[in-house]
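Listed below, chain by chain, are the residues.
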Amino acid sequence: MMRFDRRTCLPWLALLAVAGSAAPPASGLPGQGLAQHPFLYCGEWQNRSIDRQTIQIVRGGKVVWSYTNPLRGELGDCTMLSNGNIVFSRQYGASEVTPDKKIVWNYDAPPKTEIHTAFPVGTDKVLIMQNGNPAKALLIEKKTGRILHEQVLPTRNPDSTHGQFRHIRMTKAGTLLVAHMDLGKVVEYDKKGNEIWSVDAPSCWAAVRLKNGNTLISGNARGYVREVSPKGDTVWEIKKDDLPGIPLLTVQEVSRLANGNTLINNWAGSLPQDQWKTVVQLIEVTPAKTVVWALRDWDDFGPASSTQLLDEKGKPENFGLQR
């Protein structure tokens, strides 16, 4: 069932005075901890649960806003639009929330399906990936709930819903770039659903088409970040143990920043919870593989799945960010 609400949201400026807990400096780690960037943060399986999952915004080194989803489900994809609203996936649906915490768009996943992608396309549409039997990529018009485009995607096991997909993305050209997590490959489909490009990528969690034409891929439990050319050649890669003292565990969302650096979400849910606090959640690394920012803050945050740096220029809904 869908619910729609076109009420006007309040500006984020009214929320910046909200007091958040200032994090201590990330002693021994590169960068300035929470003060390095303003950012939006969400993650799967907080507190080893799918209840009361929280989205957070950091500005000025403090958590200044948070929203706890009242519905059950993991948070795996979150994006702040240029109007300040946040579009997010919640495992059993997708929603859009305003700064004053009103839900203005909502899509509930049908029974036996899951949603881990909520990607804004303009201010009026959202691309979701509906895992299930069959699995479907859906482009939805928010105002009416009309499905503008539907594409059935192949899976290894149609009944193994949870392991099929995490992030898929629409490119600026209108094609679909799909990380087939269970098939171990990234595939690009044209508007008619034809496969026009693919590359092997074991356990791929996300794939991002970069402005240089290459594709940035995250390797989930394989613990890698890989940039491949249109020919399928690996032109840049970080493997599980390439960063001294900061092992990659489960690599979820990856982003390419305007300065050429790469932001890695290093999810820790694969470890026993008593070991989570040893894990660096966010890693910003240069092309030369030098870590310039490493965030480890388990007082304020849970595992990292999706992070948007708010000091990056470009409108997210107009393909302005590489994430």
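As the structure is a prediction and not an experimental result, all values here were calculated from the model. (Residues numbered from 1 in each chain as written. Predicted model: local features only at pLDDT ≥ 70, side-chain atom pairs only at ≥ 80, totals over all residues. Heavy atoms only, no water.)

### Remarks on the sheet that holds strand S23 (residues 282-285)
In spatial order, the strands read S21-S22-S23-S24; together these four strands make up an open sheet with antiparallel pairing. If you trace the sheet from one side to the other, it starts and ends with strand S21 (250-256) and strand S24 (291-295), each paired once. The average angle at which neighbouring strand axes cross in this sheet is 15°, direction not considered. Bridge count between S21 and strand S22 (residues 262-267): five bridges; the pairing is antiparallel. Within S22, the position partnered with Arg 256 by the bridge is Thr 262. (Pairing = 2+ DSSP bridges. Helix = DSSP H or I, 4+ residues; strand = E, 2+ residues; numbered from the N terminus. Axes fitted to C-alpha atoms, helices over the stretch in contact; angles between N-to-C directions.)

### Looking at the pattern of salt bridges
In the structure shown here, the tally under the stated rule is 15 salt bridges. Here Arg 226 and Glu 237 are joined by a salt bridge, their closest N and O atoms 3.0 Å apart. Linking Arg 226 in strand S19 (residues 225-228) with Glu 237 in strand S20 (residues 234-238), this pair joins segments that are 11 residues apart in sequence. Of the two residues, Arg 226 and Glu 237, both sit in the buried class. (Salt bridge = Lys/Arg side-chain N within 4 Å of Asp/Glu carboxyl O. Buried < 20%, exposed > 50% of the residue type's maximum accessible area, 1.4 Å probe, protein only.)

### Focus on the pairing of strand S11 (residues 135-141)
S11 sits mainly inside the fold: six of its seven residues count as buried. Two elements, strand S10 (residues 125-131) and S11, share six bridges in a ladder whose sense is antiparallel. Opposite Ile 128, over in S11, you have Leu 138 as the bridge partner. Two strands pair when backbone bridges link them, and S11 and strand S12 (residues 147-153) are joined in this way by six bridges, in the antiparallel orientation.

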